[in-house]
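Breakdown of the fold
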Amino acid sequence: MGEIAGLIAAFTWSCTSVMLASLSARTSPVALSALRMGAATIALPLVLFVSGTASEIANAPLLTILGIAVSGFLGYGLGDTIYIRALNVLGMQITFPITMALFIGLTVLGGIVLLDEPVTVGLLGGAVLVAYGASLLFSSSRQRSAAEDIEARARGLAPSPRPGWAAYALLPLVGVFWAVATLWLAAAKGAAIGVYS
């Protein structure tokens, strides 16, 4: 069941990124993030009520509630706002895979170092493959940009401007904020059930 939920979440996140990439050209990242957080604030209590799990939030320790709030601020308030900006500046083909690879890598590393998660061969192999895949996407994007510049010059046109280092600096920020938000939430949950106390 967990694998199916993971696949559904990945599909949903991909669809959301496509929509955000389109909307980011017309709407500010802060406005889009505020709209998403507002919708989630309304929808999540309804989901909890319908699923019969609303009492879990009502009975949760204060540390868990604070962990959820801080995680939401870091992940959605900061991470997603920067992600939406990066989508607008760098495009989805670069932004999505690289931020996802950074998020996964930093979360796994943080889980190992901070939360005593086990290190397995599969985990290490997966990390290497994710990093390699992200590097392939990044290099193919740069090659495609160079080819577009050559084609533009052949037609007598000026090459399109390329994003500078500041645009690419958004990518690790997204990965860091998402990973910190996830690790913060995991640590708050663990403390609530006595695992990390």
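Residues numbered from 1 in each chain as written. Predicted model: local features only at pLDDT ≥ 70, side-chain atom pairs only at ≥ 80, totals over all residues. Heavy atoms only, no water.

Counting residues in each nonpolar core, the largest one holds 19 residues, and the members touching the most others are Leu20, Tyr83, Leu171 and Trp178. Looking at this core, the elements that each hand over two or more residues are α1 (2–23), α4 (62–90), α5 (92–115) and α7 (165–192). Sorting elements by how many residues they give to this core places α4 first, with six residues. Apart from residues lying up to four places away in sequence, tyrosine 83 is in contact with Trp13, Ser17, Leu20, Thr95, Phe96, Thr99, Val174 and Trp178. (Core = buried A, V, L, I, M, F, W, Y, C linked by side-chain atoms within 4.5 Å. Buried < 20%, exposed > 50% of the residue type's maximum accessible area, 1.4 Å probe, protein only. Helix = DSSP H or I, 4+ residues; strand = E, 2+ residues; numbered from the N terminus. Contact = heavy atoms within 4.5 Å.)

Once that is clear, we can look at the packing of aromatic side chains. Under the defined criterion, the tally for this structure stands at two aromatic pairs. Seen in terms of ring centroids, tyrosine 83 and tryptophan 178 are 5.0 Å apart; in terms of plane orientation they differ by 50°. Their pairing is tilted. Here the residue tyrosine 83 occupies a position in helix α4, and tryptophan 178 occupies one in helix α7, the gap between them amounting to 95 residues. Geometrically, the ring pair formed by phenylalanine 103 and tryptophan 178 is edge-to-face, given 5.9 Å between the ring centres and 85° between the ring planes. Taken together, the residues phenylalanine 103 in helix α5 and tryptophan 178 in helix α7 connect sequence positions 75 residues apart. The exposure class of tryptophan 178 is buried, given its relative accessible area of 7%. Among the aromatic residues, those joined into a cluster by ring pairs are Tyr83, Phe103 and Trp178. (Phe/Tyr/Trp six-rings, centres within 6.5 Å; stacked < 30°, edge-to-face > 60°.)

None of the figures reported here should be taken as evidence of function without further support.
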